[in-house]
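So you can see what is in the structure, the chains are spelled out below.
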Amino acid sequence: MATWNVLHRVHAENWGENTAAKWPDESQRIAAITARLAERTEPVIALQEVSGDQLTGLRHALPDHTVHAMRYPRVPAPRHATSPLEDPGEYLVLLVRGPSRQLAAEAFDDDPGKGLLAVRTHGALVVATHVSFGRRRPRQLARLAELTADSTDPVILLGDFNADRGTVANGLGPGFTVAELPPDAPPTRPDGRSAGSQHIDHVVVRGGDVHDVMVEDVHGLSDHNLLRANVTGIAARSASA
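In this section: the overall build of the protein. The helix and strand inventory of the protein stands at seven helices and twelve strands. Relative to the 2.2 N^0.38 estimate, which gives 18 Å for 241 residues, the radius of gyration of the protein is 17 Å and therefore close to what a compact globule would have. Projecting the C-alpha coordinates of the protein onto the three principal axes gives extents of approximately 55 × 40 × 35 Å. Buried positions account for 52% of the 241 residues belonging to the protein. Sequence separation of 24 or more characterises 69% of the internal contacts of the protein that already satisfy a separation of 6 or more.

Moving on, we come to the side chain of N5. Mapping N5 onto the fold places it in strand 1 (residues 2–5). Overall, N5 belongs to the buried group, its relative accessible area being 0%. In contact with N5, other than residues within four places in its own chain, are Q48, E49, H130, D160, D201, S222 and H224.

Within the open sheet, the six strands sit side by side as 5-6-7-8-10-9. Their pairing is mixed. The open sheet is flanked by strand 5 (100–108) and strand 9 (177–178), the only strands paired with a single partner. As paired elements, strand 6 (residues 111–121) and strand 7 (residues 124–130) share seven bridges and run antiparallel to each other. Looking at strand 7, one finds that G115 is bridged to H130. Against the sheet, helix 6 (residues 165–172) contacts strand 8 (155–160), strand 9 and strand 10 (201–206), and its axis sits at roughly 40 degrees relative to strand 10.

Moving on: helix 3 (residues 26–38). A rise of 1.5 Å per residue sets the reference length of helix 3, with its 13 residues, at 18 Å; its end C-alpha atoms lie 18 Å apart and thus fit the reference within 8%. Residues of helix 3 that are buried: E26, R29, I30, I33, T34 and L37. Around the axis of helix 3, the buried residues are gathered within 135 degrees of arc, so they sit on the same side. Buried-residue contacts for helix 3 involve strand 1, helix 1 (9–14), helix 2 (18–22), strand 2 (44–51), helix 4 (52–61) and strand 4 (90–96).

The next point concerns the environment of V10. Turning to its location among the elements, V10 is positioned in helix 1. Under the relative-accessibility criterion, V10 is labelled buried at 2%. Taking the C-alpha atoms as reference points, V10 and T177, separated by 167 residues in sequence, lie 33 Å from one another. Ignoring any residue separated from it by four or fewer positions in sequence, one finds V10 in contact with P76, A77, P78, S83 and L85.

Let's shift gears to unusual backbone geometry. For E49, which is not glycine, the phi dihedral falls at a positive 60 degrees. Turning to its location among the elements, E49 is positioned in strand 2.

Along any regular strand, the residues point their side chains to alternate faces of the sheet. Counting buried positions over the seven residues of strand 7 gives seven, a clear majority of the element. Burial along strand 7 is two-sided: A124, V126, A128 and H130 facing one way and L125, V127 and T129 facing the other are all buried. Taking the residues between adjacent antiparallel strands as the criterion, strand 6 and strand 7 are bridged by two residues, where H122 takes a positive phi near 55 degrees. Sheet topology note: the strand 7/strand 8 ladder contains six bridges and is parallel. Bridge pairing in strand 8 places T129 opposite G159. Where the polypeptide runs from strand 7 across helix 5 (residues 137–148) and back to strand 8, its parallel neighbour, the crossover connection is right-handed.

Rules and cut-offs
The numbering scheme is per chain: residues are counted from 1 as the chain's sequence reads. Totals for whole chains, interfaces and linings use every residue, but because this is a predicted model, local features are given only for residues with pLDDT of at least 70 and side-chain atom pairs only at 80 or more, for both listing and counting. For side-chain calculations, the full set of non-hydrogen atoms in the structure is used, while hydrogens and water are omitted. Under the scheme used here, helices are H or I runs from DSSP no shorter than 4 residues and strands are E runs no shorter than 2 residues, and both carry numbers assigned from the N terminus. Here the globule rule reads 2.2 Å times residues to the power 0.38, and the radius of gyration is calculated from C-alpha atoms. Summary of the burial criterion: residues with accessible area below 20% of their type's maximum are buried, those above 50% are exposed, and those between are partly exposed, where the area comes from a 1.4 Å probe applied to protein chains only. Residues count as neighbours in contact if any of their non-hydrogen atoms are within 4.5 Å of one another. Think of it this way: DSSP has to see at least two bridges between two strands before they count as a pair. Every axis corresponds to a line fitted to the C-alpha atoms, with the helix fit spanning only the stretch in contact, and the corresponding angles, defined between N-to-C directions, vary from 0 to 180 degrees. Given the number of residues in a helix, its expected span is that number minus one, multiplied by 1.5 Å. This arc describes the spread of directions from the helix axis toward the C-beta atoms. With its strands directed away from the observer, a crossover is right-handed exactly when the path from the first strand over the helix to the second travels clockwise.

The analysis is restricted to geometry; functional conclusions fall outside its scope.
Written out as structure tokens, the structure is:
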């Protein structure tokens, strides 16, 4: 399993992210992100801040995947210039190898630019999410716990939680395991101003075991690095159910 916030171009420019300066041509950055994802072997990859242009590239490049996507009601608006994107919409995406069925797709009630996308695949309920920073976070984490509460399948949450591991664990409640990064792992968001804002992307499991957690340096393709982990116990539980 893997999760990666690929950074919407409008957000990059609005917030002055280094990625925008390093990749002045957005079409080249989109192609580089697409190529990197096409090489990956994880059965499920969750993506946040996917532009419409990036989504089109993924659909063309990954014919062997099912591309589940949820478009947010909010469309990012440039503050200083016009957008270079043909489709500036923002999407939450799950790339899935193998059979899958979409179960839910919703923006959070208190933030039209954050939300969740849930599918059943590989004998598990897999949820991609992007959670707001600050006071909206507790309610959104509670919504994720509520959505998955009745699942008899193992649950895997993948995404940008805008919070450290302990905050996410406390917000979701008992039963969830938030994968612990190796001590020498690079930050999932290298430009975070504090330690608590540098490790904000997570793989969370209920009913399975998570191991071999690793953060991969994307060398400036996004302001977030890619996080991956192996989850075991899923297929065995499904087969015995």
